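Listed below, chain by chain, are the residues.
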Amino acid sequence: MQVRLGFIWIETAPRAWYSRLSTKLQTIGFKPSKADISLFYFNKGGVVIFLLIYVDDIIVASSSEKAIEALLCDLKAEFALKDLGDLNYFLGIEVKKVREGILLTQQKYASDLLKRVNMVNCKPFSTPLSSSEKLSAFQGEALGPKDATQYRSIVGALQYLTLTRPDLSFAVNKVCQYLHTPTASNWTACCVSAFSDADWAGCLDDRRSTGGFAVFLGSNLISWSERKQATVSRLSTEAKYKFMANATAEIMWGANIA
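This section reports on the structure supplied with the text. (Residues numbered from 1 in each chain as written. Predicted model: local features only at pLDDT ≥ 70, side-chain atom pairs only at ≥ 80, totals over all residues. Heavy atoms only, no water.)

**A look at the packing of aromatic side chains**
Short version of the rule: Two aromatic rings from Phe, Tyr or Trp, using only the six-membered ring of Trp, form a pair when their centres are within 6.5 Å; if the ring planes differ by under 30 degrees the pair is stacked, by over 60 it is edge-to-face, and anything between is tilted. Secondary structure elements are taken from DSSP: a helix is a run of H or I of four residues or more, a strand is a run of E of two residues or more, and numbering for both begins at the N terminus. Summary of the burial criterion: residues with accessible area below 20% of their type's maximum are buried, those above 50% are exposed, and those between are partly exposed, where the area comes from a 1.4 Å probe applied to protein chains only.
A full pass over the atoms with the stated rule returns three aromatic pairs. A centroid spacing of 5.5 Å and a plane angle of 45 degrees characterise the contact between Phe30 and Phe42, whose relative ring orientation is tilted. Placement of Phe30 in the loop between helix H1 (14-27) and strand S2 (31-32) and of Phe42 in strand S3 (residues 39-44) is noted, with a sequence separation of 12 residues between them. For the pair formed by Phe30 and Phe42, the shared burial category is buried. Arranged with centres 5.3 Å apart and planes meeting at 65 degrees, the rings of Tyr109 and Tyr160 form a pair that is edge-to-face. Remark: Tyr160 occurs in helix H4 (residues 145-161) and Tyr109 occurs in helix H3 (residues 107-116); sequence separation between them is 51 residues.

**What about the sheet that holds strand S9 (residues 101-105)?**
To keep it simple, the criterion reads: Here, any two strands with at least 2 DSSP bridges between them count as paired.
With antiparallel pairing, the three strands of this open sheet are ordered in space as S7-S8-S9. Unpaired on one side and paired on the other, strand S7 (89-90) and S9 mark the two borders of the sheet. One ladder, built from five bridges, connects strand S8 (residues 93-98) with S9; its direction is antiparallel. Each bridged residue has a counterpart across the sheet, and for Glu94 the counterpart in S9 is Thr105.

**Describing the pairing of S3**
Bridge count between S2 and S3: two bridges; the pairing is antiparallel. Residue pairing for S3: Pro32 is matched across the bridge by Phe40. Connecting S2 to the next strand, S3, in antiparallel fashion are six residues.

**Remarks on the side chain of Ser209**
The cut-off we apply is this: The term polar contact refers here to a pair of N or O atoms within 3.5 Å; inside protein, the definition further demands a hydrogen-donor-capable atom paired with an acceptor-capable atom, and it admits residues adjacent in sequence only when both atoms are side-chain atoms. Here, two residues are considered to be in contact whenever any of their heavy atoms come within 4.5 Å of each other.
For Ser209, the location among the structural elements is in the loop between strand S10 (192-198) and strand S11 (210-217). In this structure Ser209 comes out as buried when scored by relative accessible area, which is 0%. Within the structure, Ser209 has its side chain in polar contact with the backbone oxygen of Asp199 (distance 3.4 Å). Of note is the side chain of Ser209, whose polar atom sits 3.0 Å from the backbone nitrogen of Ala201. Residues contacting Ser209, with those up to four places away along its chain left out, are Asp199, Trp200, Ala201, Gly202, Arg227, Lys228, Gln229, Ser233 and Ala239.

Structure representation (structure tokens):
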């Protein structure tokens, strides 16, 4: 299915040109969607076309390249229309053609969001938030006006990200429940991060490992530790997991006292 994007510039008021465009589309066989007034569809003679209007932009998806060309000719006769070719990026959503069809992603949008909160270098997790995580509107100190505004801005941006990332829906829904009166613990659930590492049997005297962790709230370092482990780790993985567990415990402790 071909996907094309065009821009329309009309000097008349948006409502007026939308009325003209709607009338024009229906005269050439399009039908308005009952679920979305900005969506029109055409299904005749084995040709299927979907046309979506957003302000002065039009997205056209069709099973036939010739049908798209014929549609553009019809519209150009009445509107100032410019065909920009295949759709690649629209409203923060990237469109990529794959063998099976079309892939929608928000990679750039997600990267820009991470830059806003200074979390570009954070490591990804397959489970963004534990299903047993308990948040409350009555725990933790209420955020100030500036921080509360930032909280709502970031959570709102995360909501838009779930359009192509349904795996984030549970975590985003959790933090969305406290937009009216966000607290420090709610904010911690949004952007707390931690880093941990350890060597293996680094001490020549007792073969115990040394490691540490650092916990960040946004870009601010709020807790850290560096020490030698109390017991000998049999594997390097074991040594690293011990400090990862310590970092996790520190995050949970910080979330409870915030």
